[in-house]
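Here is how the chains run, residue by residue.
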Amino acid sequence: MRFFARTARFGAVAAGLTGLLAAAACGGSGSDDAASSTEKVGVSLITKDSTNPFFVAMQKGAKEDATKNDVDLTVASGKADGDEQGQVQAIENAIAKGQKGILITPNGPGVNSAIKKARDAGLFVIALDTPPDPADTVDITFATDNFEAGKLIGQWTGKQLAGKPATIAMLDLFNDKVVSVDYNRDQGFLTGLGVDVKDAKKNGDEDKTGSYGGGSYTIACNEPTQGAEDGGRSAMENCLTKNSNINVVYTINEPAAVGAYNALKAAGKAKDVLIVSVDGGCAGVKSVKDGVIGATSQQYPLKMAALGVEAIAKIARGGDKPKTTEGLDFFNTGVALVTDKTSDGVTSIDTTKGTSLCWG
């Protein structure tokens with residue numbers, strides 16, 4: 001983790017908390033079962049896995065903020081991205097411990113019934129990063145606007161292509177389950193590029209050929225990566241067997257992007273392909289600086305974790321519940337496009353600024 005960047009970031013976090021939880025400072029007397037001001041509040045943070053740098057950063061940030069807010073934090077995760085049963089067990093454990101709340105990055109709809117059970121037991125449940133489907137499965141979500149994140153890299157790609165034909169590889173998260181972060185980034189990217197999507201909550205149903213905002217396109221493949229580097233490499237290899245003329249690669253996250261780049265490099269094609277992604281971790285920003293990734297949309301897991309820990313601590317002590325961002329069904333923690341190749345009409349920050357804000 002880049003601790004030098006936390007001071008600046010947490011000024012923004014504090015400002016967000018002021019607006020989000022202001023009423024808690026002068027809230028009412030609270031419920032009879034509210035924790036005392038000196039009592040530690042039990043909270044579980046349940047991430048998708050414990051190896052992805054995004055979730056590692058989230059866990060570290062939550063631990064630090066737990067200390068500040070007198071929270072007794074339990075950290076758990078699935079064994080891998082997509083492991084719903086591992087998360088279900090962690091939710092059951094939180095209920096059994098009598099904890100006050102859960103912060104979770106849901107691995108899929110298979111955890112929904114366990115979340116309902118936790119809420120029925122009186123726990124306040126906040127989703128981080130990945131809004132569940134439906135959104136009201138949890139009490140509130142603190143997340144990036146993933147559709148906007150995808151849209152930004154799509155707009156950038158369209159400008160960089162400047163009317164050239166686009167042969168596109170779509171390297172998604174899953175092909176065996178539907179997760180909002182997966183379809184929002186995928187469909188956001190295509191929308192930003194100017195491709196007509198059909199069902200905004202379904203990957204792969206758009207026309208395989210047609211026109212984007214500046215020229216013609218062909219979608220060569222939709223392949224799952226599991227959000228992992230080795231998954232990105234094998235997915236890219238599969239795509240190249242289907243169409244060797246790929247010149248645009250969308251990836252669900254930066255580990256998958258690095259894997260895709262390695263496959264392209266091995267095939268002697270890396271210099272001819274635009275790779276775009278989402279995450280904004282320090283390794284990912286370096287990949288942009290090094291030319292491995294053309295542009296990435298940066299999100300802020302430390303902010304998500306800080307907001308989540310503080311929100312549950314406030315609620316447990318009789319404070320008010322947080323509210324969603326106006327016009328959205330979640331609280332938007334922000335996103336910024338990171339690239340050193342600017343495009344007219346697409347707001348971005350360079351890798352120097354991205355490095356000052358990165359995580360991991």
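Look up a bit, the structure's there.
The following paragraphs examine the structure supplied in this document.

Conventions we followed
- Residues numbered from 1 in each chain as written.
- Predicted model: local features only at pLDDT ≥ 70, side-chain atom pairs only at ≥ 80, totals over all residues.
- Heavy atoms only, no water.
- Helix = DSSP H or I, 4+ residues; strand = E, 2+ residues; numbered from the N terminus.
- Buried < 20%, exposed > 50% of the residue type's maximum accessible area, 1.4 Å probe, protein only.
- Contact = heavy atoms within 4.5 Å.
- Areas by Shrake-Rupley, 256 points an atom, 1.4 Å probe, with all protein chains shown as cover.
- Disulfide = S-S within 2.5 Å.
- Pairing = 2+ DSSP bridges.
- Axes fitted to C-alpha atoms, helices over the stretch in contact; angles between N-to-C directions.
- Expected span 1.5 Å × (residues − 1).
- Polar contact = N/O pair within 3.5 Å; in protein donor to acceptor, adjacent residues only side chain to side chain.
- Parallel < 35°, antiparallel > 145°, perpendicular 65-115°, else oblique.
- Left-handed = near helix turned anticlockwise from the far one by under 90°.
- Salt bridge = Lys/Arg side-chain N within 4 Å of Asp/Glu carboxyl O.

**As for the overall build of the protein**
So, point 1. Within the protein, the secondary structure is distributed over eleven helices and 13 strands.
So, point 2. Scored against the burial criterion, the 360 residues of the protein give a buried share of 56%.
So, point 3. For the protein, long-range pairs separated by at least 24 residues make up 70% of all intrachain contacts whose partners lie at least 6 apart in sequence.
So, point 4. For the protein, the accessible area works out to roughly 14500 Å², and carbon and sulfur atoms hold 48% of it.

**Regarding the state of the cysteines**
So, point 1. On inspection of all chains with the given rule, the structure shows two disulfides.
So, point 2. Bridging Cys221 to Cys239, the disulfide has an S-S length of 1.9 Å. The sign of the S-S torsion, about 100 degrees, decides the handedness of the disulfide formed by Cys221 and Cys239: right-handed. Taken together, the residues Cys221 in strand 8 (residues 216–224) and Cys239 in helix 7 (residues 229–242) connect sequence positions 18 residues apart.
So, point 3. Given a relative accessible area of 4%, Cys221 falls into the buried group.
So, point 4. The class of Cys239 is buried, set by a relative accessible area of 0%.
So, point 5. Taken in sequence order, the bonded cysteines of the protein link in the pattern 1-2, 3-4.

**Regarding the sheet that holds strand 2 (residues 71–77)**
So, point 1. What the six strands build is an open sheet, ordered 2-1-3-4-5-12; its pairing is parallel. At either end of the open sheet lies a strand with only one pairing partner, and these are strand 2 and strand 12 (331–332).
So, point 2. As paired strands, strand 5 (residues 140–143) and strand 12 are joined by two bridges and run parallel to one another. Across the sheet, residue Phe142 finds its bridge partner in strand 12, namely Phe331.
So, point 3. Where helix 2 (residues 53–68) meets the sheet, it contacts strand 1 (41–47), strand 2 and strand 4 (124–128), and its direction lies at approximately 165 degrees from that of strand 2.
So, point 4. Seen against the sheet, helix 3 (residues 84–97) touches strand 1, strand 2 and strand 3 (101–104) and runs at an angle of roughly 175 degrees to strand 1.

**Here we look at helix 10 (residues 301–316)**
So, point 1. For helix 10, which comprises 16 residues, the first-to-last C-alpha distance of 23 Å matches the rise-based estimate of 22 Å (1.5 Å per residue) to within 8%.
So, point 2. A positive phi of about 95 degrees marks Gly318, the residue just after helix 10.

**Considerations on the pairing of strand 4**
So, point 1. Among the five residues that make up strand 4, five are buried, leaving the element largely enclosed by the rest of the structure.
So, point 2. Covered by surrounding structure in strand 4 are Phe124, Ile126 and Leu128 together with Val125 and Ala127, the residues of both alternating faces.
So, point 3. Pairing geometry for strand 3 and strand 4, over four bridges, is parallel. By the bridge assignment, Leu103 is partnered in strand 4 with Ile126.

**Some words on the sheet that holds strand 11 (residues 295–298)**
So, point 1. The strand order 7-8-6-9-10-11-13 describes an open sheet built from seven strands, whose pairing is mixed. Two strands in the sheet have a free side with no partner beyond their single neighbour: strand 7 (209–211) and strand 13 (336–338). The sheet shows a mean angle of 25 degrees between the axes of neighbouring strands, taken without regard to direction.
So, point 2. Of the pairings in the sheet, the one linking strand 7 to strand 8 comprises three bridges and is antiparallel in character. By the bridge assignment, Ser211 is partnered in strand 8 with Ser216.
So, point 3. Against the sheet, helix 8 (residues 254–266) contacts strand 6 (166–172), strand 9 (248–251), strand 10 (274–279) and strand 11, and its axis sits at roughly 160 degrees relative to strand 10.

**Here we look at the side chain of Glu223**
So, point 1. Locating Glu223 in the fold gives a position in strand 8.
So, point 2. Looking at Glu223, its side chain comes within polar contact range of the side chain of Lys242, at 2.7 Å.
So, point 3. Beyond its immediate chain neighbours, meaning those up to four positions away, Glu223 contacts Met170, Leu171, Asp172, Ala235, Asn238, Cys239 and Lys242.

**Overview of the packing of helix 7 against helix 8**
So, point 1. In the contact formed by helix 7 and helix 8, the axes pass within 6 Å of each other and the chain directions differ by 45 degrees. Judged on the interaxial angle alone, helix 8 and helix 7 are oblique. Considering only the axes of helix 7 and helix 8, their crossing is right-handed. Packed against helix 7, whose contacting residues are Glu229, Gly232, Arg233, Met236, Glu237 and Leu240, the element helix 8 presents Pro255, Ala256, Val258, Gly259, Ala260, Asn262, Ala263, Leu264 and Ala266 at the interface.

**Some thoughts on the pairing of strand 8**
So, point 1. Relative to strand 8, strand 6 runs parallel, the two sharing seven bridges. Paired with Ala169 across the two strands is Cys221, which belongs to strand 8.
So, point 2. Hairpin geometry of strand 7 and strand 8 is characterised by an intervening segment of four residues between the two adjacent antiparallel strands.

**With respect to the pattern of salt bridges**
So, point 1. Applying the stated criterion across every chain, the model contains twelve salt bridges.
So, point 2. One salt bridge in this structure joins Arg119 and Asp139, with 3.1 Å as the shortest N-O distance. Here Asp139 lies in the loop between strand 4 and strand 5 and Arg119 lies in helix 4 (residues 112–120), a separation of 20 residues in the sequence.
So, point 3. In this structure, Arg233 engages Glu237 in a salt bridge whose closest nitrogen and oxygen atoms are separated by 3.3 Å. In this pair, Arg233 and Glu237 are both assigned in helix 7, four residues apart and thus about one turn of the helix distant.
So, point 4. Since its relative accessible area comes to 35%, Arg233 is described here as partly exposed.

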